[in-house]
Number of protein chains: 2
Amino acid sequence: MSLLDYFRSPKSNTASLAKERLQIIVAHERGNRSSPDYLPQLKQDILAVIAKYVNVSEDQVSVEYDNSDDLAVLELNVTLPDHKK
Amino acid sequence: MSLLDYFRSPKSNTASLAKERLQIIVAHERGNRSSPDYLPQLKQDILAVIAKYVNVSEDQVSVEYDNSDDLAVLELNVTLPDHKK
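The structure reproduced in this document is the subject of the present report. (Residues numbered from 1 in each chain as written. Chains lettered and ligands numbered in written order. Predicted model: local features only at pLDDT ≥ 70, side-chain atom pairs only at ≥ 80, totals over all residues. Heavy atoms only, no water.)

Structural notes on the side chain of E75 of chain B
All names here are of chain B. With respect to the helices, strands and loops of the structure, E75 is situated in strand β3 (residues 71-80). One buried charged residue, E75, forms no salt bridge at all, with the nearest opposite charge on R21 at 7.6 Å. Among the polar contacts listed, one links the side chain of E75 to the side chain of Q23, at a separation of 3.1 Å. (Helix = DSSP H or I, 4+ residues; strand = E, 2+ residues; numbered from the N terminus. Buried < 20%, exposed > 50% of the residue type's maximum accessible area, 1.4 Å probe, protein only. Lys, Arg positive; Asp, Glu negative; His and termini not counted. Salt bridge = Lys/Arg side-chain N within 4 Å of Asp/Glu carboxyl O. Polar contact = N/O pair within 3.5 Å; in protein donor to acceptor, adjacent residues only side chain to side chain.)

What follows is the structure in structure tokens.
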């Protein structure tokens, strides 16, 4: 489970930056080019799901999308506001 | 966007293994321990969303979940069947 190490890198250990963050990565390895790429649609659905759990607005979400021949990667980064309710 | 490199590692370049795969990673960096951990619930929602786009059954999905003090990581791996419809 080597990918976990990525998230466990020292950057997240700074106690003074106690922001709540949510990062979602979807990687779609298509077996061939003719497979449909549904990640742009999937993005909307995932954002809707997240909104069920956290109070998040569009401008708190940064989206990166990369699509090559047989690999599409969608990355969503959400920085949640401080708990000042 | 260094995480992209992870998915671009040589393992995915084997043309003979032209399986369609979908990998979803959700990392929740909680600012403090008292924040709720909603990833187990989120998992069900994400699976439901994926099922809208691909024909997938529970046994094609492998799930890893790791929860430490201030970081929860959910990893879903879906290997889709060959297109023999």
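Picking up where we left off.
Section: the sheet that holds strand β3 (residues 71-80) of chain A
The pairing of strands in a sheet comes from backbone hydrogen bonds and takes either a parallel or an antiparallel form. Reading across the sheet, the 6 strands line up as β2(A)-β3(A)-β1(A)-β1(B)-β3(B)-β2(B) and stay open at both edges, with antiparallel pairing between neighbours. Single-partner strands in this sheet number two, and they are β2 (61-67) of chain A together with β2 (61-67) of chain B. Here the average twist between neighbouring strands, direction ignored, is 10°. Note that strand β1 (residues 20-29) of chain A and β3 of chain A share 10 bridges and pair antiparallel. The residue bridging I24 of chain A from the neighbouring strand is L76 of chain A, located in β3 of chain A. (Pairing = 2+ DSSP bridges. Axes fitted to C-alpha atoms, helices over the stretch in contact; angles between N-to-C directions.)

Some thoughts on the environment of L42 of chain A
Within the secondary structure layout, L42 of chain A lies in helix α2 (residues 39-53). Residue classification places L42 of chain A among the buried positions, given a relative accessible area of 1%. Sequence-wise, L42 of chain A and L74 of chain A are 32 residues apart; in three dimensions their C-alpha atoms are separated by 9.2 Å. Those residues in contact with L42 of chain A, other than ones at most four positions away along the chain, are V26 of chain A together with V49 and Y53 of chain B. (Contact = heavy atoms within 4.5 Å.)

Examining helix α2 (residues 39-53) of chain B
Counted at 1.5 Å a residue, the expected span for α2 of chain B with its 15 residues is 21 Å, and the 21 Å between its end C-alpha atoms agrees. Within α2 of chain B, burial applies to L39, L42, D45, I46, L47, V49 and I50 of chain B. Buried positions along α2 of chain B lie against β1 and α2 of chain A together with β1 (20-29), β2 and β3 of chain B. (Expected span 1.5 Å × (residues − 1).)

Focus: the pattern of salt bridges
One pass over the structure, following the stated rule, counts 4 salt bridges over all chains. Put simply, K52 of chain B and D45 of chain A hold a salt bridge, and the shortest N to O gap is 3.2 Å. Linking K52 of chain B in helix α2 with D45 of chain A in helix α2, this pair reaches from one chain into another. A relative accessible area of 56% places K52 of chain B in the exposed class. On the basis of relative accessibility, which here comes to 16%, the residue D45 of chain A falls in the buried class.

As for the side chain of Q23 of chain B
Tracing the backbone shows Q23 of chain B in strand β1. By relative accessible area, Q23 of chain B is classed as buried at 7%.

A closer look at the packing of aromatic side chains
Scanning the entire structure with this criterion turns up 2 aromatic pairs over all chains. Consider the rings of Y38 of chain A and Y53 of chain B, whose centres lie 5.4 Å apart with planes at 20°: the pair is stacked. Here Y53 of chain B lies in helix α2 and Y38 of chain A lies in the loop between β1 and α2, a pairing that spans two chains. A relative accessible area of 6% places Y38 of chain A in the buried class. Y53 of chain B gets classed as partly exposed once you look at its relative accessible area, which sits at 26%. (Phe/Tyr/Trp six-rings, centres within 6.5 Å; stacked < 30°, edge-to-face > 60°.)

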